[in-house]
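Inside the fold
One-letter residues, chain by chain:
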Amino acid sequence: MIEKAGKRLVVMLSGRGTNFAALQAASNQPWFNAHIAGVISDRSNAAGLGLARENGLDTVCVERTRHANRDAFESSLTAAIDGFEPDYIVLAGFMRVLGDAFVEQYAGRMINIHPSLLPAYRGLHTHRRVLEAGDREHGASVHFVTPTLDGGPVLSQVRIEVRDDDTPDSLADRLLAHEHRLLCASVALLARDPVEVRHEDIVIDNFRLAGPLVLGRDLDEHGQRTDPGRPGQ
Ligand code: GAR
């Protein structure tokens, strides 16, 4: 078998897998510096899992219902992840809350994409909550996963305008294409630059990020920082 170049990724998903598909497409591009070593789902009927198989990727399904308790489930997840020997684990629509010990074993190596401008709107129904609050701006965040749900240090964000006629569905649909761009750029950055998490801080090339890198301002589509001397804001 030909050894693929770049960092090894494990993608974890629970549903349709459009963010996974975006990563898979990006992995054929020279700027991406990474490839998907394996895909893990907690749902056997996840469309993303089928898509991964169609793409010839190695997949594992680890279902909670087939395990006696959360510890047993997370042990199986750990075995599945470690079997792929990943550099980074990408939660791309993985909709299960993970336990502290499980998360801590991947500190600094596990990222999640969340459909809000964190720290605003952790949890579910973010699009509806943004509209209910009357916000004029919405977005998505890529953050390192820590035991606090959607609470780990935020690496990058993409921002979009909320329109007067937006519904939760229209907002979600419009944001999704931007999520794909953000996730691909963020993974490309991680694959190329030395990024560390120190307590609540993200340190890139020995610079502490003062705030999330904003796509289109601090970070380009290929994960290059536009001004490495001025990290975040
Ligand atoms: C994405 O919108 C992602 O941000 C969200 O699930 C969707 C998955 O879509 N994740 C969360 O809400 C995590 N809290 P996809 O399966 O098409 O990539």
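My aim in this report is to walk through the structure given alongside it, one point at a time. (Residues numbered from 1 in each chain as written. Predicted model: local features only at pLDDT ≥ 70, side-chain atom pairs only at ≥ 80, totals over all residues. Heavy atoms only, no water.)

Some points on the packing of aromatic side chains
Tallied over the entire structure, the rule returns two aromatic pairs. On the numbers, 5.8 Å between centres and 85° between planes, the contact of Trp 31 with Phe 32 is edge-to-face. Overall, the relative accessible area of 22% leaves Trp 31 in the partly exposed class. Ring geometry for Phe 102 versus Tyr 106: centroids 5.6 Å apart, planes at 70°, classification edge-to-face. Tyr 106 matches Phe 102 in its accessibility class, with the two residues each being buried. The ring of Phe 73 carries the charged tip of Arg 96 above its face, separated from the ring centre by 5.4 Å. (Phe/Tyr/Trp six-rings, centres within 6.5 Å; stacked < 30°, edge-to-face > 60°. Buried < 20%, exposed > 50% of the residue type's maximum accessible area, 1.4 Å probe, protein only. Lys NZ or Arg CZ within 6 Å of the ring centre and 35° of its normal.)

Some words on the sheet that holds strand 10 (residues 207-208)
Taken in spatial order, the three strands make up an open sheet running 8-9-10, and their pairing is antiparallel. The open sheet has two edge strands with one neighbour each: strand 8 (195-198) and strand 10. Here strand 8 runs beside strand 9 (residues 201-204); their pairing, made up of four bridges, is antiparallel. Of the residues in strand 9, the one forming a bridge with Glu 196 is Val 203. (Pairing = 2+ DSSP bridges. Helix = DSSP H or I, 4+ residues; strand = E, 2+ residues; numbered from the N terminus.)

Brief notes about the sheet that holds strand 3 (residues 59-61)
Sheets are built from strands paired through backbone hydrogen bonds, the pairs being either parallel or antiparallel. Taken together, the eight strands give an open sheet; going across it, the order is 3-2-1-4-5-6-7-11, and neighbouring strands pair in mixed fashion. On the outer flanks of this sheet lie strand 3 and strand 11 (213-214), each paired with one strand and no other. As defined by bridge partners, strand 1 (residues 7-13) adjoins strand 4 (residues 88-91) across four bridges and the pair is classed as parallel. Note on strand 4: the bridge partner recorded for Val 11 is Val 90. Helix 2 (residues 47-54) contacts strand 1, strand 2 (34-41) and strand 3 of the sheet and is inclined by roughly 150° relative to strand 3. (Contact = heavy atoms within 4.5 Å. Axes fitted to C-alpha atoms, helices over the stretch in contact; angles between N-to-C directions.)

Considerations on the side chain of Arg 174
Mapped onto the fold, Arg 174 is located in helix 6 (residues 168-192). Excluding anything up to four places from it in sequence, Arg 174 contacts Ile 160, Glu 161, Val 162, Arg 163 and Asp 166.

Remarks on helix 2
Taken residue by residue, helix 2 has Gly 48, Leu 49 and Ala 52 as its buried positions. Relative to the axis of helix 2, the buried residues are bounded by an arc of 105° and lie together on one face. Residues of helix 2 that are buried make contact with strand 1, helix 1 (18-26), strand 2 and strand 3. Where helix 2 ends, the next residue or the one after it, Gly 56, has phi of about 75°, a positive value. (Arc of directions from axis to C-beta.)

Looking at the environment of Met 110
With respect to the element layout, Met 110 can be found in strand 5 (residues 110-114). Separated by 33 residues in the primary sequence, Met 110 and His 143 place their C-alpha atoms 8.6 Å from one another. Residues contacting Met 110, with those up to four places away along its chain left out, are Ile 81, Ile 89, Leu 91, Phe 102, His 143, Phe 144 and Val 145.

Concerning the nonpolar core
By size, the foremost hydrophobic cluster in this structure holds 47 residues, and its most contacted members are Leu 23, Phe 32, Leu 155 and Leu 183. Ranked by residue count, the leading element in this core is helix 6, at eleven residues. The contact partners of Leu 155, leaving out residues within four places of it in the chain, are Val 142, His 143, Phe 144, Ser 186, Leu 189, Leu 190, Val 195, Ile 202, Ile 204, Leu 209, Pro 212 and Leu 213. Membership of the second largest hydrophobic core comes to 19 residues, among which are Phe 73, Ala 80, Phe 94 and Leu 98. (Core = buried A, V, L, I, M, F, W, Y, C linked by side-chain atoms within 4.5 Å.)

Quick notes on the site of the ligand
Neighbouring the ligand are Arg 16, Gly 17, Thr 18, Asn 19, Gly 93, Met 95, Ile 113, His 114, Pro 115 and Glu 179. In the model, an oxygen atom of the ligand is placed 2.7 Å from a nitrogen or oxygen of the Arg 16 side chain. Here an oxygen atom of the ligand sits 2.8 Å away from a polar atom, N or O, in the main chain of Gly 17. Isolated, the ligand exposes 450 Å² of accessible area, and the fraction of that covered by the protein chains is 88%. For the shell around the ligand, the elements supplying multiple residues, two or more each, are helix 1 and strand 5. Of the residues assigned to the shell around the ligand, the class counts are three nonpolar, five polar and two charged. (Near = heavy atom within 4 Å. Polar contact = N/O pair within 3.5 Å; in protein donor to acceptor, adjacent residues only side chain to side chain. Areas by Shrake-Rupley, 256 points an atom, 1.4 Å probe, with all protein chains shown as cover. Nonpolar A, V, L, I, M, F, W, Y, C, P; charged D, E, K, R; others polar.)

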